[in-house]
Structure formats: structure tokens, C-alpha cells
Amino acid sequence: MFVYADNAATTKMRPSALEAYVKTAETFFGNPSSLHTAGQRAQEELTRCREEVAAVLGCTPREILFTSGGSESDNQAILSAARAGARKGKKKIVSTAIEHHAVLHTLKKLEGEGFNVVLLPVGTDGIVRTEDAEREIDENCCLVSVMLANNEIGTIQPVEEIGAICRGRGVPFHTDAVQAVGHLPVDVKKLNCDYLALSAHKFGGPRGVGALYVRTGAPIYNLIEGGAQERGKRAGTENLPAIAAMTAALREAVSDLPAYMERVSALRDELIANLKRIPHCALNGDPVKRLCGNVSFCFEGIEGESLLLLLDEKGICASSGSACTSGSLDPSHVLLAIGRVHDVAHGSLRLTLGEDTTEEEIRYLSEEVPKVVEYLRNMSPVWRDLKEGKRQYIL
Ligand SMILES: *Cc1c(COP(=O)(O)O)cnc(C)c1O
């Protein structure tokens, strides 16, 4: 059996998105900036896509910039607010300890330029406390950035509430909604945000395309200089086939969101209940306030890497945390932030379900994961020490 359970890393393209990609490349091949008919037809198609994406997010088409994906959108949002803040002498930025590296590494760079970056902690449930945000957000802030849903442990953050605090205090607010868009309802007005980042490949669209919502009046700083595309805010000939494919994927993803969420969260809860029977394990993140497809566990006495390799041999594609941290030996910053100690954080497993996940696949995962965990524990000297009482169990 082959089970793809790494939908937080990337999703398989939806057939509707693939079809839109090919059709657009064939039909609207002109450069949208060209004045001739082929160019104008491409321009019209681009406008149609922008209108559709804007309608889904609840904003105007002028507030949507098409980008190369989530990382670029996060970078542009953060640098836009930071550059504008620096001009007014405001150099404080509030964010969280569990952001994606596209946010954290951009903030690190700004710290090197003299910005004061405050990362809010999260509880053991993986959720930021609104009171902590309220205490830190003040008149010196040029930006607050809080992700809508976490990519490793799936927890959903109180973005609406934190956005309202920012709005009340006149502080620009960015949310990385890359894991949320297409998986839960997202409305920029309701979230009180000034910037919102999304990425097509997390909801069945192609890689290398995304969007940034920029509220009218919010500052924009260009990452890429060149032609006048995207109202002069993001140069480069528009990747129209990818934009059309993203739009088609988004349309399909949001067409019946409540039914998708209900179906996938039932599968998620079944898998969580089954894996919880494994001794000395713990679910990472709040059991309820989490993405409908996210299952994240820590198993004591094993190495996440070995677990992934053995699962792969059984046809199961999983992850130990984020695709971006794998390859490094450091444990995930998200797992450390929820209070997992190094050894436990190393024994993590993330299974992320998607549109196509079936009941049969859940049964297969529920049978195979416990077997592999047991197999690895039987070979582990750490596990033997735990069993013989020479070491204390943490979980
Ligand atoms: C995947 C992801 C990103 C990066 O998006 P890309 O399109 O791959 O650049 C940013 N933030 C979060 C939360 C993500 O899951």
C-alpha cells in the first residue's frame, strides 16, 4: 500500500488545477503586458484570477499581489512593514516562537539590522496567549506577525483577537496563512490583518506560486525590481498558467470546506485515538484547535529519522516535523517551544492527511506505525534503560 501522509509539506496537484495550467499555457500564452490581442487576452485572464482569489479572501482585487509562494509573501509582508516602521523610528516587531522559517529567518535578519524582535511563547498546547500579545503590542511596534495555523503541530492561533488588538493600536499585522487557506475559512476582514500570505502548493495548486494580501494603505516594499507588473510592487512576467492553476485549486478547495473539514477531521481523530494507544507517547498540540488533517506525535525512546525510513519502506510518506528542518540535526523549534525536551523532540512524527486520504489508509497507518515504533524501541539502548528503570520516562 502507498499512503501519502505529508500534505503539510506539499500536496498533489488537483486534476482541475493541472487542467487549468495546461489550458492557460495553451490559450493565454501572451505576455499580459503586451498591447496586442494575445497579450490583452492574457491580461483579462490574469484579472479574472485576481478577482476570484480576492473574492475568496474577502478583499478587493487591488489588494492581491501574485508572488512565487509562501516564503516570498512572508518576506515581502515583513520587510514592507519593517522598512516603513524604521522610517518612523519604530523598530519593535512582535511574533511567535513557532513561526515558519520564512518568517523567523526574515526576523533574524532584521534583528541584525537593529530591530527589536520579541517572540511570544506558546503554551504546552501550542497556542499563543492573547494576553501575552496584548502586553507586548505597543506604540513602538512596526509589525506583529502571527501565523494562522502551524505547519508542524497544526495548532490554530487566535489571529482574529490579536489582529483586533493591532488594529486598535494602529500596528500593522501580518499572518502567515499558508497552512490555513483551503483548509479552513479565511477572511481577511474577519482576521483584522494588513498582510496575509498564502501558497498554492499547500491546497492542490502548483509549487512556485502564491499570493500576498496587502490591505489598501498598508506599506509595500519591493523585493524584486523591474517591470511594472503587480502595480509596480512585484516585477517579473506573470506566471499566468500557475496563477490560473492556483485559482482553480482554490476554487475547488473552498467549494465545500465544511464537508471537507468534517470528513478529514473525523479521520484525523480516529488516527489520533489509535496512535494514542502506543505506550509513552504524546500528541503534540491542542487536540481540538488544530488543522483538520494534522496528526503530530512524540514517541519516547526512538529517533524520528529511523521511524521515517522504516515507514517509507512500508509505503508511508510521513515527516518528522517540517520539511524545511529535516536534514538538520537540531530538533524542531516548534516542539521545543511546546516544552518537549531534546530527546523527546527527536522522536517526532507528523502525519498530515489530505483531500484524498481514505478510511483504509487510516487503518493501515494505525496498524503500521505502532509496529514500527515497537520494532525501533526493541533495538534501542535508551528504551532498554527506560524499561529497566535506569532512566526515567518523560512521557
Ligand atoms: C510551506 C509554508 C511556507 C512556505 O511556502 P512556500 O510556498 O513553500 O515558499 C510558509 N509558511 C508556512 C506555514 C508553510 O507551511
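Residues numbered from 1 in each chain as written. Predicted model: local features only at pLDDT ≥ 70, side-chain atom pairs only at ≥ 80, totals over all residues. Heavy atoms only, no water.

Caption draft 1: Examining the layout of surface pockets more closely. The volume enclosed by the largest pocket comes to roughly 380 Å³. If you trace the largest pocket, you find 20 residues lining it, with Asn7, Lys12, Gly354, Glu355 and Asp356 closest to the centre. Taken together, the residues of the lining of the largest pocket sort by class into seven nonpolar, six polar and seven charged. (1 Å grid on protein atoms, 1.4 Å probe; cavity = no way out; pocket = protein on both sides within 12 Å on 5 of 7 lines; lining within 4 Å. Points joined across faces, edges and corners; volume = space filled by probe spheres on them. Nonpolar A, V, L, I, M, F, W, Y, C, P; charged D, E, K, R; others polar.)

Caption draft 2: The site of the ligand, seen in detail. With respect to spatial proximity, 13 residues lie near the ligand, and among them Ser71, Asp176, Gln179, Ser199 and Lys202 are the closest. Interatomic distance of 2.7 Å between a side-chain N/O atom of Lys202 and an oxygen atom of the ligand. Burial of the ligand by the protein chains amounts to 87% of its free accessible area of 380 Å². Sort the elements by how many residues they give to the shell around the ligand and helix 3 (residues 70-87) lands first, with three residues. (Near = heavy atom within 4 Å. Polar contact = N/O pair within 3.5 Å; in protein donor to acceptor, adjacent residues only side chain to side chain. Areas by Shrake-Rupley, 256 points an atom, 1.4 Å probe, with all protein chains shown as cover. Helix = DSSP H or I, 4+ residues; strand = E, 2+ residues; numbered from the N terminus.)

Caption draft 3: Quick look at the sheet that holds strand 9 (residues 281-283). With antiparallel pairing, three strands are arranged side by side in an open sheet as 9-10-12. If you trace the sheet from one side to the other, it starts and ends with strand 9 and strand 12 (348-352), each paired once. Strand-to-strand twist across the sheet, computed as the mean angle between neighbouring axes with direction ignored, equals 20°. Of the pairings in the sheet, the one linking strand 10 (residues 294-299) to strand 12 comprises five bridges and is antiparallel in character. Following the sheet pairing, Asn294 is matched in strand 12 by Thr352. (Pairing = 2+ DSSP bridges. Axes fitted to C-alpha atoms, helices over the stretch in contact; angles between N-to-C directions.)

Caption draft 4: Representation of the sheet that holds strand 6 (residues 173-176) in the model. With mixed pairing, seven strands are arranged side by side in an open sheet as 2-8-7-6-5-3-4. Looking at strand neighbours, the two that pair on one side only are strand 2 (64-67) and strand 4 (116-120), the edges of this open sheet. In this sheet, neighbouring strand axes are inclined to one another by 20° on average, regardless of whether the strands run parallel or antiparallel. Summarising the sheet, strand 6 and strand 7 (residues 195-199) pair through three bridges and their orientation is parallel. Following the sheet pairing, Thr175 is matched in strand 7 by Leu196. Taken strand by strand, helix 2 (residues 37-57) contacts strand 2 and strand 7, and its axis lies near 115° from that of strand 2. Across the face of the sheet, helix 6 (residues 159-169) comes into contact with strand 5 (141-145) and strand 6 while running at roughly 160° to strand 6. (Contact = heavy atoms within 4.5 Å.)

Caption draft 5: Quick peek at the packing of helix 10 (residues 304-313) against helix 13 (residues 359-379). Relative orientation of the contacting elements helix 10 and helix 13 amounts to 130°, with a least axis distance of 10 Å. The orientation of helix 10 with respect to helix 13, classified from their angle, is oblique. Handedness of the crossing formed by helix 10 with helix 13: right-handed. Along the contact surface, helix 10 presents Ser306, Leu307, Leu310 and Leu311, while helix 13 presents Val369, Val372, Val373, Tyr375 and Leu376. When grouped by side-chain class, the residues that make up the contact of helix 10 with helix 13 number eight nonpolar, one polar and no charged. (Parallel < 35°, antiparallel > 145°, perpendicular 65-115°, else oblique. Left-handed = near helix turned anticlockwise from the far one by under 90°.)

Caption draft 6: Structural context of the domain arrangement of the protein chain. Domain annotation of the protein chain identifies domain 1 (15-254) and domain 2 (256-387). The straight-line distance from the C-alpha centre of domain 1 to that of domain 2 is 29 Å. In this assembly, 29 residues from domain 1 lie in contact with 24 residues from domain 2. Summed over the three residues of domain 1 that lose the most area to domain 2, namely Glu152, Ile153 and His183, the buried surface amounts to 34% of that side. On inspection of domain 1 and its partner domain 2, the count reaches zero salt bridges. Top contributing element to the side of domain 1 that touches domain 2 by residue count: helix 8 (residues 240-255), with three residues. Its residues assigned to classes, the side of domain 1 that touches domain 2 comprises 13 nonpolar, twelve polar and four charged. (Domains from an automatic or database assignment. Buried area = accessible area lost by both parts, 1.4 Å probe. Salt bridge = Lys/Arg side-chain N within 4 Å of Asp/Glu carboxyl O.)

Caption draft 7: The packing of aromatic side chains, seen in detail. By the definition in use, this model includes two aromatic pairs. An angle of 10° between the planes, with centres 5.7 Å apart, marks the rings of Phe297 and Phe299 as stacked. Measuring from ring centre to ring centre gives 5.7 Å for Trp383 and Tyr393, while their planes differ by 65°; the resulting arrangement is edge-to-face. Of this pair, Trp383 sits in helix 14 (residues 381-387) while Tyr393 sits in the segment after helix 14, and the two are ten residues apart along the sequence. Classification of Trp383 by relative accessible area gives buried; the value is 9%. Residue classification places Tyr393 among the partly exposed residues on the basis of a relative accessible area of 31%. Stacked on the ring of Tyr221, the Lys or Arg Arg83 has its end atom at 5.2 Å from the ring centre. Here the basic side chain of Lys91 rests over the ring of Phe115, its NZ or CZ set 4.9 Å away from the ring centre. (Phe/Tyr/Trp six-rings, centres within 6.5 Å; stacked < 30°, edge-to-face > 60°. Buried < 20%, exposed > 50% of the residue type's maximum accessible area, 1.4 Å probe, protein only. Lys NZ or Arg CZ within 6 Å of the ring centre and 35° of its normal.)

Caption draft 8: Molecular detail of the environment of Thr96. Mapped onto the secondary structure, Thr96 falls in strand 3 (residues 92-96). Taking the relative accessible area as the measure of exposure, Thr96 reaches 1% and is therefore buried. Expressed as a C-alpha distance, the spacing of Thr96 and Thr124, which sit 28 residues apart in the sequence, is 14 Å. When sequence neighbours within four positions are dropped, the list of residues in contact with Thr96 reads Leu104, Leu119, Leu120, Val128, Ser145 and Val146. A polar side-chain atom of Thr96 sits 3.2 Å from the main-chain amide nitrogen of Ile98. Side chain to side chain, Thr96 and Glu99 meet in a polar contact 2.7 Å long.

Caption draft 9: Summary view of empty space enclosed by the protein. With the rule as written, the count across this model stands at three cavities of 30 Å³ or more. Lining the largest cavity are 14 residues, with Gln179, His183, Leu291, Gly293 and Leu353 positioned closest to its centre. The two domains that each donate at least three residues to the lining of the largest cavity are domain 1 (15-254) and domain 2 (256-387).

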